[in-house]
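# Residue-level structure breakdown
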Amino acid sequence: MYLLRILRTLALALLIGAPSVNATANIPMSPSKPLRSLVSVEGVRENQLLGYGLVVGLQGTGDGTQVKFAGQSVANMLKQFGVKLPEGTDPRLRNVATVMVSAVFPPGYRRGQKIDVTVSSMGDAKSLRGGLLLLTPLRAADSEVYALAQGNLVVGGLSAQGASGSSVTVNSPTSGRVPNGATIEREIETDFDTRPTVLLSLKLPSFQTATNIVQAINKRYGAIATTRNSTSVEVAAPMDPTQRVAFVAGLESLPVDVGSQLPKVVFNSRTGTVVISEGVRVRSAAISHGGLKVIISENPQVSQPNPLSQGQTVVTPQSDVSVSQDEGRMFQWPEGVSLQAIIDTVNSTGATPDDLMAILQALDQVGAIEGELTVI
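The following paragraphs examine the structure supplied in this document. The structure displayed is predicted, hence computed values, not measured ones.

Looking now at the overall build of the protein. Along its length, the protein carries six helices and 25 strands. Taken as a whole, the protein presents about 24,200 Å² of accessible surface, with 54% of it coming from carbon and sulfur.

The following block contains the structure:
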């Protein structure tokens, strides 16, 4: 009896001291992300560079005789060094490959800094392994030269071929990289440090997200942020360059609540990939889905005439046609069913990704899907 009284006392103490349960604890809160993952700063962006060049030093794996511009490129290069070929001569060099060279000009890079370049074969070269990229000017969209590329290629692919024609290829031997292979020769000007404001462009336009960004910035720094649409936010910034850089660094680390996006279902018709985002709901609907298979097989027969009948041997086509239909299944989704219920139901029917695409497209046509369907 004494032990039972002690247990009752302990239980009462635990109940009194237990924390109260918040009724809103299970309500999903809007996720917060740093501002840098939601916006990009106008005037601080990458620029693409492109050039045409030659890779030399290949072990007979360069462009073949079918690539006419390879010989022209070699002749033009030799002419720059004072070597003039006879008229009508087409140099056929298996140790040379014509390539396209691409690179990305990072924001704010200055003259003399190095960037990586990617080299890809243009002709019918079999491999670029062991090659050297000759000096190649890299141009931007304005046709101005912004960098010069040259260096030894790093090729991750491998190709080997035997005398009988058997071959093996690992990855792609006709493309490679030159780490720090290009030097910046011209700077790209920007108005980031001269404008009175900093313009933040949303990566995923949303009125709610733009409003949340303005509220978060104004709460931290005062009324300095405004927005006129769902794609950009304008922020007044210090004119001193050092202070402006520090200010933008603080902005990028500012946590912001992300506005809810329209749920989407994305189909990739080439690969059969189906991606359903969280939040997709289906209204009450009944679905029946079955497959009809038609198999046609050709089995030609040879008709041989009897001896001395002066007949001719002929081939008579014979076609076998068979039709089979998979067992039809019908299932029903209740009102407001969740993504997990959709996945479980479709998996239980043994449906393929193509079947799933057909089912969801049909549901969208009748207006039963609360979301957006996108085909890529």
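For the rest of this paragraph, the subject is the nonpolar core. Counting 24 residues, the largest nonpolar core has Leu49, Val119, Leu128 and Leu138 as its most contacted members. Only strand 3 (47-56), strand 4 (97-105), strand 5 (114-121), strand 6 (132-139), strand 7 (145-152) and strand 10 (175-184) provide two or more residues apiece to this core. With five residues, strand 4 is the largest single contributor of residues to this core. The residues contacting Val119, other than those within four sequence positions of it, are Val55, Val99, Met100, Val101, Leu128, Leu133, Leu153, Thr174, Ser175, Gly176 and Val178. Leu202, Val235, Ala237 and Val258 belong to the second largest nonpolar core, which has 23 residues in total.

With that out of the way, let us pick up the sheet that holds strand 16 (residues 273-276). Whether parallel or antiparallel, the strands of a sheet pair through hydrogen bonds between backbone atoms. The sheet built from three strands is open, its strands ordered 16-15-25 with mixed pairing. Either end of the sheet is taken by a strand with one partner, and the two such strands are strand 16 and strand 25 (372-375). Each strand of the sheet is rotated relative to its neighbour by a mean of 15°, with strand direction disregarded. Summarising the sheet, strand 15 (residues 264-268) and strand 25 pair through four bridges and their orientation is parallel. Pairing of Val265 across the sheet is with Leu373, part of strand 25. Sheet strands touched by helix 6 (residues 353-365): strand 15, strand 16 and strand 25. Its angle to strand 16, the strand with the most contacts, is close to 50°.

The subject of this paragraph is the packing of aromatic side chains. If you walk through the whole model with that rule in mind, you get two aromatic pairs. Plain terms: the ring middles of Tyr221 and Phe247 are 5.2 Å apart, the flat faces sit at 65° to each other, and that makes the pair edge-to-face. Placement of Tyr221 in helix 3 (residues 207-221) and of Phe247 in helix 4 (residues 241-252) is noted, with a sequence separation of 26 residues between them. It is Arg186 that lies over the ring of Tyr146; its NZ or CZ is 5.6 Å from the centre.

Attention now moves to unusual backbone geometry. The backbone phi angle of Ser143 is positive, close to 70°, even though this residue is not glycine. By the element assignment, Ser143 lies in the loop between strand 6 and strand 7. The backbone of Asn180 sits at a positive phi, close to 50°, despite the residue not being glycine. Overall, the relative accessible area of 48% leaves Asn180 in the partly exposed class.

The subject of this paragraph is helix 6. Each α-helix winds once per 3.6 residues, and so residues spaced three or four apart point in a common direction. The first and last C-alpha atoms of helix 6 sit 18 Å apart over 13 residues, in line with the 18 Å expected at 1.5 Å per residue. Within the sequence span of helix 6, burial applies to Leu356, Met357, Ile359, Leu360 and Leu363. With its buried residues spanning 165° around the axis, helix 6 presents them on a single face. When the buried face of helix 6 is taken as reference, the exposed residues oriented beyond 90 degrees from it are Asp354 and Gln365. Immediately downstream of helix 6, the backbone of Gly367 shows phi near 75°, a positive value.

Scoring rules and cut-offs
- Residues numbered from 1 in each chain as written.
- Predicted model: local features only at pLDDT ≥ 70, side-chain atom pairs only at ≥ 80, totals over all residues.
- Heavy atoms only, no water.
- Helix = DSSP H or I, 4+ residues; strand = E, 2+ residues; numbered from the N terminus.
- Areas by Shrake-Rupley, 256 points an atom, 1.4 Å probe, with all protein chains shown as cover.
- Core = buried A, V, L, I, M, F, W, Y, C linked by side-chain atoms within 4.5 Å.
- Buried < 20%, exposed > 50% of the residue type's maximum accessible area, 1.4 Å probe, protein only.
- Contact = heavy atoms within 4.5 Å.
- Pairing = 2+ DSSP bridges.
- Axes fitted to C-alpha atoms, helices over the stretch in contact; angles between N-to-C directions.
- Phe/Tyr/Trp six-rings, centres within 6.5 Å; stacked < 30°, edge-to-face > 60°.
- Lys NZ or Arg CZ within 6 Å of the ring centre and 35° of its normal.
- Expected span 1.5 Å × (residues − 1).
- Arc of directions from axis to C-beta.

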